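# Chains, contacts and geometry: an overview
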Amino acid sequence: VFYNLVRCVAMVPFAEPMARFCKRIIRDEPELDADTRERFLKMIRRNTQNISFLVQSILKLSKFDTNTVEYIKDRFKVSDIIHEAVSNTETLCDLKNIELTVNDRFPDSSLLCDRHWQSEALTNILKNAAEHAEKTVSIDVDDNNAYLMISVTNDGSEIDPKDIPHLFERFYKGRNSSSDSVGIGLSLALAIVKNDNGNIELDSIENKTTFSLKYYK
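Residues numbered from 1 in each chain as written. Predicted model: local features only at pLDDT ≥ 70, side-chain atom pairs only at ≥ 80, totals over all residues. Heavy atoms only, no water.

## Details of the side chain of T209
Relative to the assigned elements, T209 resides in strand 7 (residues 208-216). Of the residues examined, T209 reaches a relative accessible area of 3% and is grouped as buried. At 2.8 Å, the side chain of T209 and the side chain of S204 are in polar contact. (Helix = DSSP H or I, 4+ residues; strand = E, 2+ residues; numbered from the N terminus. Buried < 20%, exposed > 50% of the residue type's maximum accessible area, 1.4 Å probe, protein only. Polar contact = N/O pair within 3.5 Å; in protein donor to acceptor, adjacent residues only side chain to side chain.)

## Quick word on the environment of L202
With respect to the helices and strands, the residue L202 is situated in strand 6 (residues 198-205). Sequence-wise, L202 and S212 are 10 residues apart; in three dimensions their C-alpha atoms are separated by 6.4 Å. Beyond its immediate sequence surroundings of up to four residues, L202 is in contact with I159, I164, L167, T209, T210 and F211. (Contact = heavy atoms within 4.5 Å.)

## A closer look at the side chain of T123
In this structure, T123 sits in helix 4 (residues 115-132). Separated by 2.7 Å, the side chain of T123 and the backbone oxygen of S119 make a polar contact.

Below you can see the structure in the form of structure tokens.
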């Protein structure tokens, strides 16, 4: 982890300037047609965002490794946590032309948690869904006497059963992993949810995959 952390942090100061430099070259290249130019620009935006996600996730995982995570718990509306996570992943969904919908049947439900960290967990689950979705990602909420659950569902190929027991292992990449995946987000999400008396369940069948963040009362 330390080696990856150092390597990725070293990339941060150069990622954005290099992206801006490449964008200028592409925009000023007269021989590129509009479609090719837009395709290259979208690729640059996507790769820059992937670097940012990777560095942030490794830095946050290092806090768990060193037991330096500070949780500030209070009661927060689940809709606010979802809104923040959606905002964090809107750009990725736009770049991949993924339709993201929220079906919140319990708009007044609340959760005793650290809002920042739970938004981070849901963001990582949403990012994973967007990376593997074909066209759609949806968020659903369930609230009962036993638990509160936030479910994230994406269409696309189901997960290989052999991969399921290992998906939450750090740096694990499944057989159907996208080229953008680095195998960190799910591990980080599970560590966060467990710290707020929860767990993450997975169901993947018939071209549909659902990750459910379940918080016990």
